[in-house]
Amino acid sequence: MQVNTDTDSNPRGSFVFTGTNTSQFDSSGNQVLGTGYDFADFLLGLPQQTSEQFGEGNHFRGNYGDLYAQDEWKMRANLTLNLGVRYEYVSPLTEMNNRIVNLDLSPGVLTQTPPLSVTPIQPGQVGPYSGSLPTSLLRPDRNNFAPRIGFA
């Protein structure tokens, strides 16, 4: 099965209403706690913060699949075994136009031991710490086997 998504992190923009515009302020210019209403700011059209996205969106693609096999054995008149195995694979998403970036971390970054170094890496580049990465910038996990055992 293939998954194709068109994504924009903020396609229609965003508005943040906090009640700052309808709150009271004391003589030193500080907001008085418990005053101001976020919904009143909304009704007046006075957001505290706004954002808008420009440019093209991202087109991510990924694959996933699974399969299983199972069989049933009647060992005795009063004992039946069900045995099987299942495999699932979910690929990391890739961006169709290679417009993604990941961070290549030096071995000491997570343990906070110097020297600390982080390098941005894009598809097709070789990271100084991780080496060559696939176009998804993440190595896939292909060992998702699950046993199935049952008896009655």
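Please read all numbers here as calculations on a predicted model, not as lab measurements.

K.L.:
What should I look at first to understand the overall build of the chain in this one?
P.N.:
When its secondary structure is counted, the chain shows one helix and 11 strands. Reading the chain from its N terminus to its C terminus gives the helix and strand order β-β-α-β-β-β-β-β-β-β-β-β. A burial count over the chain gives 18% of its 152 residues as buried. Look at the contacts in the chain between residues 6 or more apart in sequence, and 56% of them connect residues 24 or more apart. Surface exposure of the chain reaches about 11,600 Å², of which carbon and sulfur atoms provide 55%.

K.L.:
Would you mind going over the packing of aromatic side chains with me for this structure?
P.N.:
For any two aromatic rings, the description comes down to two numbers: the centre-to-centre distance and the angle of the planes. On inspection of all chains with the given rule, the structure shows three aromatic pairs. Taking 5.4 Å as the distance between ring centres and 90 degrees as the angle between the ring planes, the aromatic pair formed by Phe17 and Phe42 counts as edge-to-face. In this pair, Phe17 sits in the loop between β2 (14-16) and α1 (38-44) while Phe42 sits in helix α1, placing the two residues 25 residues apart along the sequence. Of the residues examined, Phe17 reaches a relative accessible area of 24% and is grouped as partly exposed. The rings of Phe17, Phe39 and Phe42 are connected pair by pair, giving a single aromatic cluster.

K.L.:
Help me understand a nonpolar patch on the surface in this model?
P.N.:
Taken together, the side chains of Trp73, Met75, Leu83 and Ile149 present a nonpolar region at the surface, about 430 Å² in accessible area. The exposure class of Ile149 is exposed, given its relative accessible area of 69%.

K.L.:
I tried to follow unusual backbone geometry on my own but got confused; where do I start?
P.N.:
Of note in the backbone geometry, Asn98 takes a positive phi value of approximately 55 degrees without being a glycine. As for its position among the elements, Asn98 is in the loop between β6 (94-95) and β7 (102-105). Its relative accessible area of 40% is what places Asn98 among the partly exposed residues. Not every positive phi belongs to a glycine, and Leu137 is a case in point at roughly 65 degrees. Looking at the element boundaries, Leu137 is found in the loop between β10 (131-132) and β11 (145-151).

K.L.:
Got a minute to help me understand the confidence of the model for the chain in this structure?
P.N.:
When pLDDT is low, close inspection of the predicted coordinates is not appropriate. Looking at the chain as a whole, the pLDDT averages 86, with 88% of positions reaching at least 70. Least confident of the elements in the chain is strand β1 (residues 2-7), whose mean pLDDT is 70; most confident is strand β5 (residues 79-90), at 95.

K.L.:
Hey, could you run me through the pattern of salt bridges in this one?
P.N.:
Once their charged atoms are close, side chains differing in charge can pair, the charge on each being opposite to the other. The full count for this structure, using the stated rule, is three salt bridges. Here Arg86 ties to Asp66 by a salt bridge, and the two come within 3.2 Å at their closest N and O atoms. In this pair, Arg86 is assigned in strand β5 and Asp66 in strand β4 (residues 58-76), connecting sequence segments 20 residues apart. For Arg86, the salt bridge goes to Glu88, with nearest N and O atoms at 2.7 Å. Residue classification places Arg86 among the partly exposed positions, given a relative accessible area of 31%. For Glu88, a relative accessible area of 35% puts it in the partly exposed group. Each of Asp66, Arg86 and Glu88 takes part in a single network of salt bridges with overlapping partners.

K.L.:
Looking at this model, I keep getting lost on the side chain of Asp104. Mind explaining?
P.N.:
Among the structural elements, Asp104 can be located in strand β7. Buried within the structure, Asp104 lacks any salt-bridge partner; Arg139 is the closest side chain of opposite charge, at an N-O distance of 7.3 Å. Separated by 3.0 Å, the side chain of Asp104 and the backbone nitrogen of Tyr129 make a polar contact.

Basis of the calculations
Residues numbered from 1 in each chain as written. Predicted model: local features only at pLDDT ≥ 70, side-chain atom pairs only at ≥ 80, totals over all residues. Heavy atoms only, no water. Helix = DSSP H or I, 4+ residues; strand = E, 2+ residues; numbered from the N terminus. Buried < 20%, exposed > 50% of the residue type's maximum accessible area, 1.4 Å probe, protein only. Contact = heavy atoms within 4.5 Å. Areas by Shrake-Rupley, 256 points an atom, 1.4 Å probe, with all protein chains shown as cover. Phe/Tyr/Trp six-rings, centres within 6.5 Å; stacked < 30°, edge-to-face > 60°. Patch = residues over 30% accessible without salt bridge, like charges linked within 9 Å, V, L, I, M, F, W, Y side chains within 5 Å. Salt bridge = Lys/Arg side-chain N within 4 Å of Asp/Glu carboxyl O. pLDDT = per-residue confidence, 0-100. Lys, Arg positive; Asp, Glu negative; His and termini not counted. Polar contact = N/O pair within 3.5 Å; in protein donor to acceptor, adjacent residues only side chain to side chain.

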